[in-house]
Amino acid sequence: MISTLLIIDAMNLIRRIYAVQHKQHGDTLSALIATQTTATNALKKLLRIHHPTHVICVFDSHTASWRHQIYPDYKQGRKPVPELLKQGLLQIQEHFFEIGVDSLISEEDEADDLIACLADKMSKQQQNCIIVSTDKGFYQILDDHISIYDYFQNRFISRQQVQHKMGVSSDQLCDYWAITGISSSTIKGAEGIGSKGALSLLQQYGSLDNIFKQADDPENKLLTKIKSQQKEALLAKQLVTLKTDLQLGFNLKDLRYEQSY
């Protein structure tokens, strides 16, 4: 029997819901209560749509991760979770638990890495995994068993769509971001190359490793520029690559969901 693990990128879902409620109600208890109700209803809807055999909601711990340790500017400009929302997260988790869904929070690892690790384990066992998120960072792990579902657009994101949208395959995305950087996470990459230059380099050489294996060529300005920033590009690649080798401390059977919605 094929199992399907539904992974909710919880803060991605909840923060988007809260942003809408905040516009309507301001920084008030009404906004928080509306967010809690809407998030719980969203989870019920996701359970009805996807009929998972297993499900988990993964939350960020809001503490510094290993990425901050090797790169202090990581996500430096990103807005913090609103204090009111942060105070209400436990109650949201309790609402989720009441409908049979556990929440996973780690003090050491980012939610993105936990999600990637869970998805990778499912894929290696030839089991299916659906990640509910609007985060493009998960595009890199798409495969025959791992899919991404955008709740707000009510659609799946496929590898073909990623290829069309980004101009590179899912397998090349980390190399692409290593060159272009990711401004929303304050990851610089290799400066002065940009998306067009990154695409040109990857189309010609296939991967970042192959780029750095090329002999110096003064006539190739793009190659010269990227090779002069090898250290920066490799750091960026380390930062954008999701970890899939974490020790989780639980088994798939612990995430079993008894369908009721």
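Look above for the structure.
Quick caveat, the model's predicted, so the values are computed rather than measured. (Residues numbered from 1 in each chain as written. Predicted model: local features only at pLDDT ≥ 70, side-chain atom pairs only at ≥ 80, totals over all residues. Heavy atoms only, no water.)

Re the packing of aromatic side chains
Right, on to step 1. Scanning the entire structure with this criterion turns up three aromatic pairs.
Right, on to step 2. Summarising the aromatic geometry, the rings of F59 and F96 are spaced 6.5 Å apart at their centres and angled 45° between planes, so their arrangement reads as tilted. With a gap of 37 residues between them, F59 in strand β2 (residues 54-59) and F96 in helix α4 (residues 83-98) connect regions that are remote in the sequence.
Right, on to step 3. Judged by its relative accessible area of 1%, F59 falls in the buried class.
Right, on to step 4. Ring geometry for Y151 against F152: centres 5.4 Å apart, planes inclined by 80°, an arrangement best described as edge-to-face.
Right, on to step 5. Looking at K243, its charged tip hangs above the ring of W66, at a distance of 4.8 Å from the centre. (Phe/Tyr/Trp six-rings, centres within 6.5 Å; stacked < 30°, edge-to-face > 60°. Helix = DSSP H or I, 4+ residues; strand = E, 2+ residues; numbered from the N terminus. Buried < 20%, exposed > 50% of the residue type's maximum accessible area, 1.4 Å probe, protein only. Lys NZ or Arg CZ within 6 Å of the ring centre and 35° of its normal.)

Some thoughts on the nonpolar core
Buried together is how nonpolar side chains tend to be arranged in soluble globular proteins.
Right, on to step 1. Ranked by internal contacts, the top residues of the largest apolar core, which has 54 residues, are I7, V58, L118, Y176, I179, I211 and I226.
Right, on to step 2. Element by element, the count of residues in this core is highest for helix α5 (residues 111-124), at eight residues.
Right, on to step 3. Those residues in contact with I179, other than ones at most four positions away along the chain, are K188, G189, A190, I193, A198, L201, L202, L208, I211 and I226.
Right, on to step 4. Listed in part, the 31 residues of the second largest apolar core include L32, A42, F59 and V132. (Core = buried A, V, L, I, M, F, W, Y, C linked by side-chain atoms within 4.5 Å. Contact = heavy atoms within 4.5 Å.)

Considering the pattern of salt bridges
Right, on to step 1. With the rule as written, the count across this model stands at seven salt bridges.
Right, on to step 2. D113 serves as the salt-bridge partner of R67, at 2.7 Å between the closest nitrogen and oxygen. One end of the pair, R67, is in helix α3 (residues 66-70); the other, D113, is in helix α5, with 46 residues separating them in the sequence.
Right, on to step 3. One salt bridge connects D144 with R159, and the closest N-O pair in it is separated by 2.3 Å. Of the two residues, D144 sits in the loop between β4 (128-132) and β5 (146-150) while R159 sits in helix α6 (residues 159-166), which places them 15 residues apart along the sequence.
Right, on to step 4. Residue class for D144 comes out exposed when judged on its relative accessible area of 63%.
Right, on to step 5. Owing to a relative accessible area of 35%, R159 belongs among the partly exposed residues under this scheme.
Right, on to step 6. Shared partners join several salt bridges into a network, and the residues in it are R67, K75, E110 and D113. (Salt bridge = Lys/Arg side-chain N within 4 Å of Asp/Glu carboxyl O.)

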